[in-house]
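# Examination of the molecular architecture
Read off the chains here:
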Amino acid sequence: MNQTISGTLSNKRWGRLIPIAFITYSLAYLDRANYGFGAAAGLAEDLNITPAISSLLGALFFLGYFCFQVPGGIYAEKHSAKRLIFWSLILWGALAAATGMVHNVALLAAVRFLLGVAESVVMPSMLIFLSHWFTREERSRANTFLFLGNPITVLWMSILSGYLINSFGWRGMFIIEGAPAIIWAVIWWVIYADRPKDAKWLSDTEKRAIENALAEEQQAIKPVKNYREAFRSPKVLALAFIHFFWNIGMYGFIMWLPSMLKTASGLGIVATGWLSAAPYLLAVPLMLTASWYSDKFQQRKAIVLAFLGLGAVCFIASFTLGASHFWISWSLLVIAGGAMYTPYGPFFAAIPEMIPRNVVAGAMSFVVCFGALGSFVGAWIVGYLNGLTGSPAASYVFMGASLVVAVLLTALTRFSNASNTLTHATTAH
């Protein structure tokens, strides 16, 4: 790698840009994951919501999240993520707080859907933002610091939300946890820079060095004529379906873990919060170690396959043991949750290395979009099965099977330069 980039610029970029990405994604994650705690703490009883409707309300977020992923990502690439995310922060903070003020199911459904719409632009915009600043040798680690906002937020949120509900009820929890996004919007507007050329804290030489290094990576990947060709690429479709089935297991786990643990353990909401935090605590060192290995040895597929496989095995083993061996089953769930989080950095680092720059924003957003659809399916079906059967058994089978499908698809997908596939598709048309 260019010595200028690996030296002086590295410190500047990591210190100035990673905290922006981390905090923004953390706040988005806070306001989507706390619904599971609200549901476990009396939201359903207070609003007279049946288990089936409760699961649909939890999943409506992801339906809204699905709708605007691709337009948001393309806008961020062609124009700017700055204004897009500024208004998104304000809107989702207000909607998250509004969740604590609703008094009927219809209004809650509208708030959940609009919250998903407001947050839909964040993940693709942040991934595209990082791809403008970090090279192949750094991208997995950069992405991982973004995705660390997920487990770290759920880690402290799981503990804090239990105490907030204990002190202020579920309504107070939503209102208090919605405020930080609105405050952060002002800070975001002041410090964010889309690309190196927009950064006042870089010299012209430093800006050129980064842009040149990123341009060199693209020389091996031939451009295609439009997004349609990229969306039809077998490799892009394979990555999209991996993310779909992966997120069925992932978000079914995230959304309903507090409720499932509370039911199985018989413990109170504060103790449930501590138990629910453990998978996210494990995820942090696993994600950091795996991303370092992935960048150093350029191993993307191996990391994704190994940890998704570990997550699937531990998840299925936890279900097999059941509530009669609660602490062993819980320990396996902790490993499963940590393992499921681990591959996100390497997985999304692979996409800009496989897809040419002129369509990477749309292709990456397309993959994220399928993940959002999987999140909707996971959050809805898991909650629905829990309510229908009165136990988490059926939902465990559903999530475990989805993770197995994700593992099989990963094993069959080649994580490498996609230029030949895409070029052939373009030539054929």
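Note that residues are indexed from 1 along each chain, following the sequence as it is written. Given that the model is predicted, a residue must reach a pLDDT of at least 70 before its local features are reported, and side-chain atom pairs must reach 80 or more before they are shown or counted; all residues, however, enter totals for whole chains, interfaces and linings. To get the side-chain values, take all heavy atoms of the structure and skip hydrogens and water.

This next bit is on the overall build of the chain. Only DSSP runs of H or I with at least four residues qualify as helices, and only runs of E with at least two residues qualify as strands; both kinds are numbered from the N terminus onward. Regarding its fold elements, the chain presents 20 helices and zero strands. We call two residues contacting when some pair of their heavy atoms lies within 4.5 Å. Counting contacts in the chain only where the partners sit at least 6 residues apart, residues at least 24 apart contribute 85% of the total. Throughout, the Shrake-Rupley method with a 1.4 Å probe supplies accessible areas, and for residues the shown protein chains are the sole cover considered. Carbon and sulfur atoms make up 67% of the accessible area of the chain, which totals about 16000 Å².

Moving on, we get to the environment of V359. Mapped onto the fold, V359 is located in helix α18 (residues 357–389). Three exposure classes are used, based on accessible area relative to the maximum for each residue type with a 1.4 Å probe and protein chains only: buried under 20%, partly exposed in between, and exposed over 50%. Classification of V359 as buried rests on a relative accessible area of 1%. A C-alpha to C-alpha distance of 6.6 Å links V359 and N226, two positions 133 residues apart in sequence.

Our focus in this paragraph is the pattern of salt bridges. For this document, the term salt bridge refers to a Lys or Arg side-chain nitrogen within 4 Å of an Asp or Glu carboxyl oxygen. Evaluated as defined, the whole model comprises eleven salt bridges. In this structure, D295 engages R141 in a salt bridge whose closest nitrogen and oxygen atoms are separated by 2.9 Å. One end of the pair, D295, is in helix α14 (residues 269–297); the other, R141, is in helix α9 (residues 139–147), with 154 residues separating them in the sequence. A residue is classified by how much of its surface remains accessible, and D295, at 4% relative accessible area, is buried. A single salt-bridge network, built from bridges that share partners, covers R136, R139, R141, E217, D295, R300 and E353.

Its location among the elements puts N34 in the loop between α1 (3–33) and α2 (35–40). With residues up to four places along the chain from it excluded, the contact list for N34 reads M157, M173, F174 and E177.

As a further point, take helix α17 (residues 344–354). Residues spaced three or four apart along an α-helix point in a common direction, a consequence of the helix completing one turn every 3.6 residues. The buried count for α17 comes to eleven of eleven residues, which makes it a mostly enclosed element. For α17, the complete set of buried residues consists of Y344, G345, P346, F347, F348, A349, A350, I351, P352, E353 and M354.

Moving on, we get to the side chain of Q69. Topologically, Q69 is positioned in helix α5 (residues 69–78). A residue is classified by how much of its surface remains accessible, and Q69, at 0% relative accessible area, is buried. Within 3.5 Å is the distance limit for a polar contact, defined as a pair of N or O atoms, with the added protein rule that one can donate a hydrogen and the other accept it, and that residues adjacent in sequence qualify only through two side-chain atoms. A polar side-chain atom of Q69 sits 3.2 Å from the main-chain carbonyl oxygen of Y65. When sequence neighbours within four positions are dropped, the list of residues in contact with Q69 reads S120, P124, S365, V368, C369 and A372.

To define axes, lines are fitted to C-alpha atoms, for helices over the stretch in contact only, and angles between the resulting N-to-C directions are given on a 0 to 180 degree scale. Axis separation between helix α15 (residues 301–321) and helix α16 (residues 326–341) bottoms out at 8 Å; the angle between their running directions is 160°. The angle between the axes of α15 and α16 places the two elements in the roughly antiparallel class. Considering how the two elements wind past one another, α15 and α16 form a crossing that is left-handed. From α15, F307, L310, G311, C314, F315, A317, S318 and L321 reach across to α16, where they touch I328, S329, L332, L333, I335, A336, A339 and M340. For the contact of α15 with α16, a count of residues per class yields 13 nonpolar, three polar and no charged. When an angle is under 35 degrees it counts as roughly parallel; over 145 it counts as roughly antiparallel; between 65 and 115 it counts as roughly perpendicular; any other value is oblique. It is the rotation of the near helix from the far one that decides the hand of a crossing: anticlockwise by less than a right angle makes it left-handed, clockwise makes it right-handed. Gly is put with the polar residues, along with every residue not named as nonpolar or charged; the nonpolar set is Ala, Val, Leu, Ile, Met, Phe, Trp, Tyr, Cys and Pro, and the charged set is Asp, Glu, Lys and Arg.

With the exception of glycine, most residues fall at negative phi, and the peptide bonds are largely trans. Even without a glycine there, the phi angle at Q298 is positive, about 50°. In this structure, Q298 sits in the loop between α14 and α15. Exposure remark for Q298: the relative accessible area of 28% places this residue in the partly exposed category.

For the rest of this paragraph, the subject is the nonpolar core. Generally speaking, soluble globular proteins have nonpolar side chains that are buried together. In terms of nonpolar packing, the biggest core is built from 135 residues, with W133 and F348 touching the most fellow members. Residue contributions to this core peak at 14 residues, all from α18. Buried Ala, Val, Leu, Ile, Met, Phe, Trp, Tyr and Cys residues that are joined via side-chain atoms within 4.5 Å together make up what is termed a nonpolar core.

What follows covers the packing of aromatic side chains. Think of a pair of aromatic rings as described by two things: how far the centres are apart, and how the planes are tilted against each other in angle. When the centres of two rings from Phe, Tyr and Trp lie within 6.5 Å, Trp using its six-membered ring, the rings pair. Their planes under 30 degrees apart give stacked, over 60 give edge-to-face, and anything left gives tilted. Under the counting rule described, the total for this entry stands at 29 aromatic pairs. Plain terms: the ring middles of F61 and Y65 are 5.4 Å apart, the flat faces sit at 20° to each other, and that makes the pair stacked. Linking F61 with Y65, this pair stays in helix α4 (residues 51–67), spanning four residues, or about one helical turn. Looking at F61, the relative accessible area reads 0%, which means it is buried. With relative accessibility at 3%, the residue Y65 sits in the buried group. Between the aromatic rings of F244 and F245, the centroid separation amounts to 4.9 Å while the plane-to-plane angle is 85°, which identifies the pairing as edge-to-face. For F244, a relative accessible area of 13% translates into the label buried. For F245, a relative accessible area of 21% gives the class partly exposed. Taken together through their ring pairs, the aromatic side chains of Y25, F147, W246, Y280, Y341, Y344, F347, F348 and F415 make up a single cluster. Here K82 stacks its cationic end above the ring of W189, 4.8 Å away from the centre of that ring. Of note, K296 hangs over the ring of F297, and the distance from its end group to the ring centre comes to 5.8 Å. Charge-over-ring placement is defined geometrically: NZ (Lys) or CZ (Arg) within 6 Å of the ring centre, and within 35 degrees of the ring normal.

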